[in-house]
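A structural walkthrough
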Amino acid sequence: VIEKILSSSSITANNDTVQCIDVGSFLGVITLMMSKTLQKNKKNWKIHSFEPFRESFLRLQKNISLDPCNKNIILNNLAVSDTSGKKTLITYPDTPGQNHVDISALKNKDRIYQENVEVITLRDYLYKNNINHIKICKIDTEGLDEQVIKGLYEYLENRAIGYFIFEYNNNFTYEKINYILSSYGYTIYYMIRNENIVIDSLENYPLKSKSLLNLIAVSSNEKVSFIKEFNLG
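Attention here is on the structure that accompanies the text.

Rules of the game
Residues numbered from 1 in each chain as written. Predicted model: local features only at pLDDT ≥ 70, side-chain atom pairs only at ≥ 80, totals over all residues. Heavy atoms only, no water. Helix = DSSP H or I, 4+ residues; strand = E, 2+ residues; numbered from the N terminus. Expected span 1.5 Å × (residues − 1). Buried < 20%, exposed > 50% of the residue type's maximum accessible area, 1.4 Å probe, protein only. Arc of directions from axis to C-beta. Contact = heavy atoms within 4.5 Å. Core = buried A, V, L, I, M, F, W, Y, C linked by side-chain atoms within 4.5 Å. Pairing = 2+ DSSP bridges. Salt bridge = Lys/Arg side-chain N within 4 Å of Asp/Glu carboxyl O.

Another point: helix α4 (residues 54-65). When the terminal C-alpha atoms of α4 are compared, their 16 Å separation across 12 residues agrees well with the 16 Å that a helix rising 1.5 Å per residue should span. All buried positions along α4 are accounted for by S56, F57, L60 and I64. Projected onto a plane normal to the axis of α4, the buried residues spread over an arc of 100 degrees and lie on a single side. Opposite the packed face of α4, turned more than 90 degrees from it, sit the exposed residues E55 and K62. Residues of α4 that are buried in the fold lie against α3 (29-41) and β3 (73-76).

Turning our attention to the nonpolar core. Membership of the largest hydrophobic core comes to 34 residues, with the highest contact counts inside it found for F50, L122, I161, F164, F166 and L181. Not counting chain neighbours up to four residues away, the residues in contact with L122 comprise I21, V23, F50, V80, C137, V148, G151 and L152. One finds I2, Y163, V198 and V218 within the second-largest nonpolar core, a separate group that totals 26 residues.

Our next topic: the pairing of strand β9 (residues 161-167). The side chains of a regular strand alternate between both faces of the sheet. Judged by how many residues are buried, β9 sits mostly within the fold: 6 of 7 residues are covered. When strand β8 (residues 134-139) meets β9, the two strands line up parallel, connected through 5 bridges. The residue of β9 that forms the bridge with K138 is I165.

This model, assessed by the stated rule, comprises 7 salt bridges. Measuring nitrogen to oxygen at the nearest pair gives 3.5 Å for the salt bridge that ties D124 to R123. Assessed through its relative accessible area of 33%, D124 is described here as partly exposed. For R123, the salt bridge is made with E154, and the minimal N-O distance between the two is 3.2 Å.

What follows is the structure, encoded as structure tokens:
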């Protein structure tokens, strides 16, 4: 789905710099896929990737260094939330993909470790880097996506992010994210697991695909072209 969006005529038809964000990059799979697609379609583009866990960040750096266009990818060893400062990162040695920033004063448990990380808001990052528009913002923070979205402030009001893509976590988290984004004119769609298909209602979700993988929120500015691109009209 990301590849299709970044290959659309709205991308290729103008010379504006395309900016994308990958929050919770882990080892860089999504970042590299975005890069590969943009290399085919755009001259001017940037990807801003965020990974707070030092060990994963070092592996991310190594993977991105193999990309021939790695100078277009900005790597940030930072966590992202709704406030900036220092926070605790809960890490799981056996499943580092589940690492997440602690917001509940969780104490040490068996097989769980903690490290202090620097945290920023996307609003501050975009303002500091003079970025006015993001085409795609992918967020995967193991259940804390709501905090990342809240940290965008007026960028939500200005529809400065064309698309959000985030992991389906649970009904409660989804409802809160849907409430925030819908109040700013975004529409939620559902991406069928392991297929290049998007649907506009869970009622249409095929029975053979029992679990959701990702959701996509589309701004009002992108909705018409998105509906056309994915035959949702």
